[in-house]
Amino acid sequence: MGKPTTLASTPVLALDGVGKSYNGISVLRGISFEIAPGEIHGLLGENGAGKSTLLKILGGAITADAGAVLFDGVPTRLSSPRDSIAHGVSLISQELALVPQRTVLENVFLGGWANAAGFATPAADRRRFDELCAEVGFDLDPHALVASLPLGKAQQVEILKALARGSRVLCLDEPTAALAEAETEQLLEVLRTLAARGTTIVIVSHFLEEVLGIADRITVLRDGAQIATEDASAHTSDSLVRLMVGREVAALSRTPAPLPDSAPVVLKAEGLTNDRILDVSLEVRRGEILGLAGLVGSGRSETLRALFGADRISAGRVSVSGVPVRRATIRRMIDRGLALVPESRKDEGLVLRRTTAENIALPSLGGRQIGGIVRQGAEASAVDRVVAMVDVRGSVRHVPVGALSGGNQQKALFGKWLVTPPEVFLIDEPTRGVDIGAKVNIHNLILDLAAAGTAVIVVSSELEEVMALSHRILVLRAGRVVAEFPSPADREDIMSAAFL
Amino acid sequence: MTTDTATLPRRRRVDFKDFGILGGLLAIVVYLSLSTTTFLTSQNIVNLLDQAVVIGLLAVGATLCIVSGVFDLSSSATLAVSAIAGVFLTTQFGVVVGFILALAVGAILGTITGTMIVITRVNSFIGSLAISIIYRGVAIVLTGGAILSVTSDQLDAFRVWALPVLDGVSGGTILFAVTAVVLGLVLWGTTFGRRVYAVGGNEEAARLSGVRTPLIHISVFAINGVCAAAAGMVLASRAGSAQPSLGIGMELTAIAAVVIGGTSILGGAGAVWRTVVGVIILTVIGNGFNLLRWDTTYQQVVTGVLILVAVAADSWLSRRSRRSRG
Amino acid sequence: MTTDTATLPRRRRVDFKDFGILGGLLAIVVYLSLSTTTFLTSQNIVNLLDQAVVIGLLAVGATLCIVSGVFDLSSSATLAVSAIAGVFLTTQFGVVVGFILALAVGAILGTITGTMIVITRVNSFIGSLAISIIYRGVAIVLTGGAILSVTSDQLDAFRVWALPVLDGVSGGTILFAVTAVVLGLVLWGTTFGRRVYAVGGNEEAARLSGVRTPLIHISVFAINGVCAAAAGMVLASRAGSAQPSLGIGMELTAIAAVVIGGTSILGGAGAVWRTVVGVIILTVIGNGFNLLRWDTTYQQVVTGVLILVAVAADSWLSRRSRRSRG
Amino acid sequence: GCAGSGPEPSADSADDEQLSIGFFGFAAANSFAQGVYDGVEAKAEELGATSEFVDSNFDGQLQAQQVTDAVTSGQYDIIIIQANDNLVVQRPLEEAIAAGITVVTEFTAVGPDFETVEPQIDGAISIVDPAVVNGEKLGEMGLLACEEAKADPCQVGYMEGFRALPLDNARTQAVVDTLTAGGAEVVAQVEGGYTADAGQAAFQDIITANPDVDVVIGSSQAVGGARLAAGADSPVLFIGNGSSRQAIEAVRSGDWFATYTLDLYLNGETAAELGIEKHQGEDVEVAISEADLTPSKGIGTVENLEGFEATYDD
Ligand SMILES: Nc1ncnc2c1ncn2[C@@H]1O[C@H](COP(=O)(O)OP(=O)(O)OP(=O)(O)O)[C@@H](O)[C@H]1O
Ligand SMILES: Nc1ncnc2c1ncn2[C@@H]1O[C@H](COP(=O)(O)OP(=O)(O)OP(=O)(O)O)[C@@H](O)[C@H]1O
Ligand SMILES: [Mg+2]
Ligand SMILES: [Mg+2]
């Protein structure tokens, strides 16, 4: 493999043998690399490789228990976020560190508001806010509550927050995982601008092309160990995958199985309307994968939730296998064979404090009981079967699912619905925050389910994903269905339909 | 296929966290056994259990509520109304029917509380506080402020929960033990229990998994109502009568016992056995003070310190043994 | 430039939610003005305000705690200890110094409570409950369970918080008004206030942004301690003395007032003016009952119903005006 | 009543209108308070006045508010009050007197002194049962029981009320002093509160720590629970504080040795009568100890209770 590259200038940040362990299990060891001012450094690795852990150490959110972090060559103790902030490090973590009940303006200057004798002077903050927005080209309402923002906008708030502190080193943990294409592009552009002005950037992402497109150098982690630190230009996606996984990975080459014309319609919706979507009609057939494309906020998630009975509809009808569903509730929809993988694992998907096994068992509890008592044996074997099917690693039965890495959590989320395979699978962002290997895994799972006769509706902000998986694609804009394309569709066509 | 080989922290079968609170109890018990001759007598243990009954019943019911993510501050008012109804119905229909109907009244009141909170979607803490004020008022209206007694020929049978029935063990103790075991099993081993944990841990995730979360909440309120009614009937059995002020303030002691046991007030985690330990800790502290003949002036200070130490130890151990990303 | 054309719901400057609770208060006030001749007299309004003082002081302090994401159930015990200390120190050093030192004692007790909770990292609810038991015990130890009075020549000066000082308005009312305005401004307009909101809204986010969250929590406990001490001195001023049972149970009423006002018990949202409205609603309900000469038997039922209606209306309006998936 | 009479209280309207009595009892939910109220109500009716129970539900602050509001509304000519808190209501009652309302403190004294029967508010009538007097009587009964038990030294357990209440502490002190002065030994002081439940637990602990205890004293509710916990063949002699039907019956049947006895109905009647007379300008006695209103002076042993009728329940 490539040899370690040497830096042209003195490093702004250097790691020397950094390590961290939890309960005696080492999740990070002997990490040593240097980053030059203005460099964009990509951090890569599979789920659970230790990327977030490393960033959290830099951000002062956790403390390393081995090695040293050096700023401008000086060893520095980072024992709290305050220390890191004082050294000009800002961490934008996967779970955004914002206060949802407060305004954008307040969040941007969180903890460091302009003030006169302790009294906040919002006018001064406002001026600085406008300057920052103009600098990076964001369009944010300073008085909006963060809770009301879509994720992409919230992400922008985080970036402004980092800029407002005048950070020298910006650490971003999967910043684009939840963003749509246009937003991703915009974000990457902002990062390039910042780097050009001398800000050092460390970025974690599972999108290898994206990293290759932006990073000057990359570091690959595997099982907490540093595998390589090299120039990005020396690599392709394939070579990176080999480094990350340690062997070849089957490429994303499968396409959906051909759909027989005789396949019956399983789910049919007519004129679904509520306060987020307008007159949405669609149908999916047995074994078909229907993709929903659109910009963030176009109403894709709302469509899935409405179909699933999770949100009320003010007009419209849904029928399953030709039988209309009256007054749809989630329970009824599940009984009719529907399943929903929601967009946010943490908020809507998993009960983080409970074990993986309990989470997987939850939707199908009713099927394994005698007089209300759980048949533990049946549950154990059902969970084992599913765990093997989706390939969650580790002793999942007794660990709170919140302690798993993002990829494994996502697999558990799928597993919930696979105990009794659904007739209709509604999947919102199937691979958010998932590594390349797991992504292939999940894609194969979806394709296999469809091949076995499940009707699937998949929503993804990654257009490639939608295009690769679907038989047919609907494009939504502002809550309406505006176009339909059979697969293979043209990327440009979809984009233009989504925009206007 | 993925090669996520980073090993997950294996779960120790015997969890440190579990020892936190048991260790605290053990320490107190050992100390009292060594420093008094009376603590470890069978009579004292029988007494101790009997003293734990009322708070115990309330606390076990509160455990289900708290695990499911709600508070029921109306439980002691439910206790009073149910006991008043129970005494009245006992005078009408006899002891057995009276007791069963009292439990039914408790279930109905709990269901009403739960339904109100689910429908109005107010926070359960303040909602049940308001409802508790209403129920206390109802208790006063029902009795006209008087005390309601059972007839004197019923008194002996009515006192079954207060008197020794089995090797000196009181009827109340047996009632509590049965309730704790049954609800412990319900929470641990039934589909209902699983749903209770799920709703408490993440209501939206549970809802999207097809759990009818309002139904779960109403059910735990109803169960808590039954527990409160049982506690009320034990109190009434001891006094031979019921009155509107019965059990005032006990809901807070019950919640304290639940939390001392280590059940999280955030919901989604906890167990009935933990609550039983919490209740026994509280009872033993009071009992120990009296047996040691310590100046009762200092009792409250020491009680507070012991609770704080127990809870802090539990929180420390649980952080040490299972760090979660939260 | 972004191309996100989906319009976000712009935030209405005048929030519906804010009207929920004011509307409730207004309705009660209008009803009472029309159905009694005495409600809208200046004397009655002066009385009303005076009646709101003690709960008001406690509730304003509790608002800061709750907004920052903690509960302080020890405030009424802090009230008792501070008042006892205040009365004792008054007999030693005179009325003015006694009052100031009482506030200092409150601040110290609050700081201790906060520090204990931050250090042991136990849930504030149970932690402060344990500490409240300790403080009550301390109050008993300090007084030997007796009443502590100021000397008779101090009595007139000592009663300043209980007596009319300005157009019939009592000193206590002025103390409450000043406290509410000051703390309202602190929460609304200072960087400290913003930190309090941030810590309550998302503690981890605040921490990662460099906010010293333990310090914020200790500060709100300290402020709450000062408020409790002030409330204690008003009570002591009314009685001319202090005793260990002073203010028992008032912390719950204070929390109820905070929540009735519409401050979220989840933290991160709320305001002092809301709490003042909540306190006044509670006081007006009681006052109205007395003036209407309704049968006090039903007072509790009606109070409970009114609280429930107020809270439910507030929750309904806030859901209507800002839908969140939460 | 004078619903529309405005904020000005009107003592002068007493001449042409029916007098109105507000009975500010401990709590409507309290049978003891109701027992006294029965006497108030009967006497008021007899003398052509109206009466009303004002429920403060054991809340001292609330009661103070109610007094203040009563002054505002001018609703009552006479206030008879069982103070939930001996100090909080002091000031509002002074205002009431200043506004021309006649104030009678009943059962609990208002003011810091737990020993005196004299009114501690200028111009009020005091028909009270001072905690210290009550404690001394309990101690006296304890010594009688010691004689009966023929134990030497005689071991007595006392189940106190609440440690946080000065009134309870004053009573406890009087009980202990009286017993000790009489040669008995107080071997246990445990919080027994005012419920059967708490009494049961307190007694269990007392008997465990002191198996030879001869006499146990406590509130009538607590002794009810204690008696139950002791079992039928226990040699312990019990003394209750309170003269409920249950307590009187227990003494009569020999379950208890004695109980402190007050005639609530008579106390209520006396309070109403004196209040009305004073309001009409007559000179009346203003300091009465309630124990003195019963022939037995409060000592409720079986022989003293002959013919006594209890009027409330525990
Ligand atoms: N607080 C913790 N306690 C115990 N183990 C932890 C903790 N935090 C992380 N881990 C473990 O450390 C390992 C590395 O986790 P980390 O979050 O750094 O992975 P990652 O590379 O960011 O993965 P992903 O791509 O899924 O986000 C995982 O095995 C994880 O389970
Ligand atoms: N809780 C909320 N409060 C206010 N607006 C919301 C809320 N949730 C969603 N929205 C808005 O509703 C619209 C539709 O959202 P929806 O989630 O359906 O879009 P989407 O196409 O799935 O996009 P995303 O990729 O963000 O999930 C967007 O404008 C979004 O900002
Ligand atoms: Mg990560
Ligand atoms: Mg979406």
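Just so it is clear, the model here is predicted, and its values are computed rather than measured. (Residues numbered from 1 in each chain as written. Chains lettered and ligands numbered in written order. Predicted model: local features only at pLDDT ≥ 70, side-chain atom pairs only at ≥ 80, totals over all residues. Heavy atoms only, no water.)

> It is not clear to me how the overall build of chain A should be interpreted in this structure. Could you clarify?
Secondary structure assignment for chain A yields 17 helices and 25 strands. For chain A, the C-alpha radius of gyration of 24 Å lies close to 23 Å, the compact-globule estimate for 500 residues. A total of about 18400 Å² of accessible surface is found on chain A, and carbon and sulfur atoms cover 52% of it. Charge centroids of chain A, computed over 52 positive and 58 negative side chains, lie 7 Å from each other. (Helix = DSSP H or I, 4+ residues; strand = E, 2+ residues; numbered from the N terminus. Rg over C-alpha atoms; globule rule 2.2 N^0.38 Å. Areas by Shrake-Rupley, 256 points an atom, 1.4 Å probe, with all protein chains shown as cover. Lys, Arg positive; Asp, Glu negative; His and termini not counted. Charge placed at Lys NZ, Arg CZ, Asp CG, Glu CD.)

> Can you walk me through the pairing of strand E22 (residues 424–428) of chain A in this structure?
Two faces, one strand: in a regular strand the side chains alternate between the faces of the sheet. Residues and elements named next belong to chain A. The element E22 is largely enclosed, with a buried count of five among its five residues. As paired elements, strand E19 (residues 338–341) and E22 share four bridges and run parallel to each other. Directly across from Ala339, in E22, lies its bridge partner Phe425. Direction of pairing for E22 relative to strand E23 (residues 455–459): parallel, over a ladder of five bridges. Paired with Val424 across the two strands is Ala455, which belongs to E23. Handedness of the crossover is the feature at issue here: the chain leaves E22, passes through helix H15 (residues 436–451), returns alongside E23, and the resulting connection is right-handed. (Buried < 20%, exposed > 50% of the residue type's maximum accessible area, 1.4 Å probe, protein only. Pairing = 2+ DSSP bridges. Right-handed = clockwise from strand over helix to strand, strands pointing away.)

> How do you make sense of the coordination of the magnesium ion (ligand 4) when you look at a structure like this?
All names here are of chain A. Distances from the magnesium ion (ligand 4) to its protein donors, namely Ser301 (OG) and Glu343 (OE), fall within the range 1.8 to 2.4 Å. Within this pair, whereas Ser301 is found in helix H9 (residues 300–307), its partner Glu343 is found in the loop between E19 and helix H11 (345–349), the two being separated by 42 residues in sequence. Look at Glu343 and you get partly exposed, because its relative accessible area is 21%. (Donors = N, O, S within 2.8 Å, 3.2 Å for Na, K, Ca; no water.)

> Got a minute to help me understand the state of the cysteines in this structure?
Joining two cysteines, a disulfide is a covalent bond between their sulfur atoms. Counted according to the given criterion, the structure contains one disulfide over all chains. Through a disulfide, D:Cys146 is tied to D:Cys154; the S-S separation comes to 1.9 Å. Torsion about the S-S bond of the D:Cys146 and D:Cys154 cystine: about -75°, corresponding to left-handed handedness. Judged on exposure class, the residue D:Cys146 and its partner D:Cys154 are both buried. This cysteine, C:Cys227, is not joined by any disulfide, and C:Cys65 carries the nearest cysteine sulfur, 8.6 Å off. Owing to a relative accessible area of 4%, C:Cys227 belongs among the buried residues under this scheme. (Disulfide = S-S within 2.5 Å.)

> Teacher, can you tell me more about the interface of chain A and chain C here?
Think of interface size as the accessible area that goes away when the parts come together; that is how it is often given. Residue-level contacts link 48 residues of chain A with 33 residues of chain C. The interface formed by chain A and chain C contains eight residue pairs in polar contact (both at pLDDT 80 or more). Contributions of two or more residues to the side of chain A that touches chain C are made by helix H2 (81–86), strand E9 (119–120), helix H4 (122–136), helix H5 (151–164), helix H6 (181–196) and H9 of chain A. Taken together, the residues of the side of chain A that touches chain C break down into 22 nonpolar, 11 polar and 15 charged. (Contact = heavy atoms within 4.5 Å. Polar contact = N/O pair within 3.5 Å; in protein donor to acceptor, adjacent residues only side chain to side chain. Nonpolar A, V, L, I, M, F, W, Y, C, P; charged D, E, K, R; others polar.)

> Could you clarify how one ought to interpret a negative patch on the surface in this entry?
Side chains of D:Asp113, D:Glu115, D:Glu136, D:Glu140 and D:Asp177 sit close together on the surface and give a patch of like negative charge. Following the sequence through the fold, D:Asp113 ends up in the loop between strand E4 (102–107) and strand E5 (125–128). (Patch = residues over 30% accessible without salt bridge, like charges linked within 9 Å, V, L, I, M, F, W, Y side chains within 5 Å. Salt bridge = Lys/Arg side-chain N within 4 Å of Asp/Glu carboxyl O.)

> Help me out: how do you make sense of the arrangement of the chains in this one?
For the five pairs of chains in contact, the maximum contact count is reached by chains A and B. Between chain A and chain D there is no contact, and the shortest C-alpha to C-alpha separation is 36 Å.

> I would appreciate a short explanation of the domain arrangement of chain A in the present structure.
Residues and elements named next belong to chain A. Domain boundaries assigned for chain A yield domain 1 (13–245) and domain 2 (265–499). Between the C-alpha centres of domain 1 and domain 2 the distance comes to 30 Å. The interface of domain 1 with domain 2 comprises 19 residues on the first partner and 17 residues on the second. Roughly 1400 Å² of surface becomes buried between domain 1 and domain 2 when both sides are summed, with 58% attributable to carbon and sulfur atoms. Ranking the residues of domain 1 by area buried against domain 2 places Asn47, Glu181 and Phe207 at the top, with a combined share of 36%. There are zero salt bridges connecting domain 1 and domain 2. Linking domain 1 with domain 2 are one residue pair in polar contact (both at pLDDT 80 or more). Broken down by element, the residue count for the side of domain 1 that touches domain 2 peaks at three residues, all from H6. Residues belonging to the side of domain 1 that touches domain 2 are distributed by class as follows: 10 nonpolar, four polar and five charged. (Domains from an automatic or database assignment. Buried area = accessible area lost by both parts, 1.4 Å probe.)

> Before we go on, may I ask you to explain the nonpolar core in this structure?
Generally speaking, soluble globular proteins have nonpolar side chains that are buried together. Residue and element names in this part refer to chain A. Core analysis: the largest hydrophobic core is formed by 250 residues, its most contacted members being Val104, Phe129, Leu160, Leu191 and Ile201. In this structure, this core is formed jointly by two domains, domain 1 (13–245) and domain 2 (265–499), each of which donates at least three residues. Leave out the neighbours within four places in its chain, and Leu191 touches Ile40, Leu170, Leu172, Ile201, Ile203 and Ile214. Counting residues in each nonpolar core, the second largest holds 64 residues, with Ile277, Val284, Leu307 and Ile457 among its members. (Core = buried A, V, L, I, M, F, W, Y, C linked by side-chain atoms within 4.5 Å.)

> Explain the sheet that holds E5(D) here, please?
Pairing between the strands of a sheet is mediated by backbone hydrogen bonds and can be parallel or antiparallel. All names here are of chain D. Strand order across the open sheet formed by six strands is E2-E1-E3-E4-E5-E11, with parallel pairing between neighbours. A single partner strand is all that each edge strand has here, and the edge strands are strand E2 (50–53) and strand E11 (287–289). Put simply, the sheet's adjacent strands are angled 15° from each other on average, direction ignored. Where E5 and E11 come together, three bridges link them in parallel fashion. From the neighbouring strand, Ser126 faces E11, where its bridge partner is Ala287. Sheet strands in contact with helix H2 (residues 60–73) are strand E1 (20–24) and strand E3 (78–81), and its direction is about 165° off that of E1. (Axes fitted to C-alpha atoms, helices over the stretch in contact; angles between N-to-C directions.)

> What is the right way to read the pairing of strand E13 (residues 225–231) of chain A from this model?
All names here are of chain A. One ladder, built from six bridges, connects strand E12 (residues 217–222) with E13; its direction is antiparallel. Across the sheet, Arg217 pairs through a bridge with Asp231, a residue of E13. Between E12 and the antiparallel strand that follows it, E13, lie two residues; Asp223 among them carries a positive phi value of about 50°.

> Got a minute to help me understand the packing of aromatic side chains in this structure?
Two measures describe an aromatic ring pair: the distance that separates the ring centres and the angle between the ring planes. One pass over the full model with this rule turns up 19 aromatic pairs over all chains. Seen in terms of ring centroids, C:Phe71 and C:Phe125 are 5.9 Å apart; in terms of plane orientation they differ by 85°. Their pairing is edge-to-face. One end of the pair, C:Phe71, is in the loop between helix H2 (42–67) and helix H3 (75–93); the other, C:Phe125, is in helix H5 (residues 124–143), and 54 residues separate them in sequence. Residue classification places C:Phe71 among the buried residues on the basis of a relative accessible area of 13%. Overall, C:Phe125 belongs to the buried group, its relative accessible area being 2%. Where D:Phe203 meets D:Phe238, the ring centres are 5.4 Å apart and the plane angle is 50°; that geometry is what we call tilted. Taken as a pair, D:Phe203 in helix H6 (residues 196–209) and D:Phe238 in strand E9 (residues 237–241) lie far apart in primary sequence, 35 residues in all. An aromatic cluster of at least three residues, connected via ring pairs, comprises B:Phe71, B:Phe125, C:Phe71 and C:Phe125. Seen from the ring of C:Tyr197, A:Arg102 lies directly overhead, with NZ or CZ sitting 3.6 Å from the centre. The ring of B:Tyr197 has A:Arg354 lying over it, and the distance from NZ or CZ to the ring centre is 3.8 Å. (Phe/Tyr/Trp six-rings, centres within 6.5 Å; stacked < 30°, edge-to-face > 60°. Lys NZ or Arg CZ within 6 Å of the ring centre and 35° of its normal.)

> Whenever I open this one, helix H7 (residues 220–230) of chain D confuses me. Can you help?
Taken residue by residue, H7(D) has D:Ser220, D:Ala222, D:Val223, D:Gly225, D:Ala226, D:Arg227 and D:Leu228 as its buried positions. Where the residues of H7(D) are buried, they touch helix H10 (213–239) of chain B together with strand E6 (155–160), H6, strand E8 (215–219), E9 and helix H8 (245–252) of chain D. Among the residues trailing H7(D), D:Gly231 stands out with phi positive, at a value near 85°.

> Explain the pattern of salt bridges to me, please; I cannot follow it from the model alone.
When charged atoms on two side chains of opposite charge get close, those side chains can pair. Tallying each qualifying case throughout the model produces 34 salt bridges over all chains. A salt bridge links A:Glu189 to A:Arg192; its shortest N-O distance comes to 3.1 Å. Taken together, the residues span about one helical turn, with A:Glu189 and A:Arg192 both in helix H6 at a distance of three residues. By sharing partners, the salt bridges in this structure join A:Arg305, A:Asp311, A:Glu348, B:Glu204 and B:Arg207 into a single network.

> Could you clarify how one ought to interpret a nonpolar patch on the surface in this entry?
Residues and elements named next belong to chain C. Taken together, the side chains of Val160, Val165, Leu166, Ile174, Val178 and Val182 make up a nonpolar region of the molecular surface, amounting to roughly 460 Å² of accessible area. The set of elements that each furnish at least two residues to the nonpolar patch consists of strand E2 (164–166) and helix H7 (171–189). Residue contributions to the nonpolar patch peak at three residues, all from H7. Structurally, Leu166 can be placed in strand E2.

> I'm lost on the packing of helix H3 (residues 75–93) of chain B against helix H4 (residues 95–120) of chain B in this one. Help?
A pair of packed helices can be characterised by two numbers: the angle between their axes and the separation between those axes. All names here are of chain B. Taken N-terminus to C-terminus, the directions of H3 and H4 make an angle of 150°; their axes are 7 Å apart at the nearest point. Put simply, H3 runs roughly antiparallel to H4. For H3 against H4, the interelement crossing comes out right-handed. Contact residues: Thr78, Val81, Ser82, Ala85, Gly86, Leu89, Thr90 and Phe93 in H3; Val95, Val97, Gly98, Phe99, Leu101, Ala102, Val105, Gly106 and Leu109 in H4. When its residues are assigned to classes, the contact of H3 with H4 shows 11 nonpolar, six polar and no charged. (Parallel < 35°, antiparallel > 145°, perpendicular 65-115°, else oblique. Left-handed = near helix turned anticlockwise from the far one by under 90°.)

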